[in-house]
Amino acid sequence: MGVFAALETGRFTTVTYLMGILGTDVLAAHQIVLQTAIVIFMVPLGMSFAAPPASVNGSDGKTSRGHDGRDMSGSALGWGL
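All of these numbers come straight from a predicted model, not from anything done at the bench. (Residues numbered from 1 in each chain as written. Predicted model: local features only at pLDDT ≥ 70, side-chain atom pairs only at ≥ 80, totals over all residues. Heavy atoms only, no water.)

Turning our attention to the overall build of the protein chain. A count of helices and strands for the protein chain gives 3 helices and 0 strands. Counting across all 81 residues of the protein chain, residues that qualify as buried make up 10%. (Helix = DSSP H or I, 4+ residues; strand = E, 2+ residues; numbered from the N terminus. Buried < 20%, exposed > 50% of the residue type's maximum accessible area, 1.4 Å probe, protein only.)

Below, the discussion takes up the packing of aromatic side chains. Counted according to the given criterion, the structure contains 0 aromatic pairs. Sitting over the face of the ring of Phe12, Arg11 holds its NZ or CZ atom 4.9 Å from the ring centroid. (Phe/Tyr/Trp six-rings, centres within 6.5 Å; stacked < 30°, edge-to-face > 60°. Lys NZ or Arg CZ within 6 Å of the ring centre and 35° of its normal.)

With respect to the element layout, His30 can be found in helix H2 (residues 24-50). Apart from the residues within four sequence positions on either side, His30 is in contact with Val15, Thr16 and Met19. (Contact = heavy atoms within 4.5 Å.)

So, on to the confidence of the model for the protein chain. Model confidence for the protein chain is summarised by a mean pLDDT of 75, while 62% of its residues fall at 70 or above. In the model of the protein chain, helix H3 (residues 69-80) stands out as the element of lowest mean pLDDT, 58, in contrast to helix H1 (residues 2-22), which has the highest, 89. (pLDDT = per-residue confidence, 0-100.)

Our next topic: a nonpolar patch on the surface. A cluster of nonpolar residues, Val3, Phe4 and Leu7, forms a patch on the protein surface that exposes about 360 Å² of accessible area. Residue class for Val3 comes out exposed when judged on its relative accessible area of 58%. (Patch = residues over 30% accessible without salt bridge, like charges linked within 9 Å, V, L, I, M, F, W, Y side chains within 5 Å. Areas by Shrake-Rupley, 256 points an atom, 1.4 Å probe, with all protein chains shown as cover. Salt bridge = Lys/Arg side-chain N within 4 Å of Asp/Glu carboxyl O.)

Bringing the environment of Ala28 into the picture now. Counting through the fold element by element, Ala28 comes out in helix H2. Remark: the alpha-carbon pair of Ala28 and Thr16, spanning 12 residues in sequence, is separated by 9.9 Å.

The next subject is H1. Here H1 contains 21 residues, and its C-alpha end-to-end distance of 31 Å stays within 8% of the 30 Å for a straight helix at 1.5 Å per residue. After H1 finishes, the residue Gly23 shows a positive phi value of roughly 130°. (Expected span 1.5 Å × (residues − 1).)

Another point: the packing of H1 against H2. Taken N-terminus to C-terminus, the directions of H1 and H2 make an angle of 145°; their axes are 7 Å apart at the nearest point. Contacts between H1 and H2 pair Phe12, Val15, Thr16, Met19, Gly20 and Leu22 from the former with Val26, Leu27, His30, Gln31 and Leu34 from the latter. Among the residues making up the contact of H1 with H2, the classes are represented as 7 nonpolar, 4 polar and no charged. (Axes fitted to C-alpha atoms, helices over the stretch in contact; angles between N-to-C directions. Nonpolar A, V, L, I, M, F, W, Y, C, P; charged D, E, K, R; others polar.)

This is the structure:
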């Protein structure tokens, strides 16, 4: 896992340096696109991290707080989309 994280970081760093060679306008455009993609990715990721505490505990479909887990999972999925 650490090797893949290092490869990803190295790839982003290399591409950023290559964009810098092409000029400041290209580098700025690259950074804007990269930051926009990261924000678009992080919102559904955060929602997926928030959904597991509402997971279903038993075969009756109820959570530990007595709520219907299927409704809560549907709400998390809707907010993530």
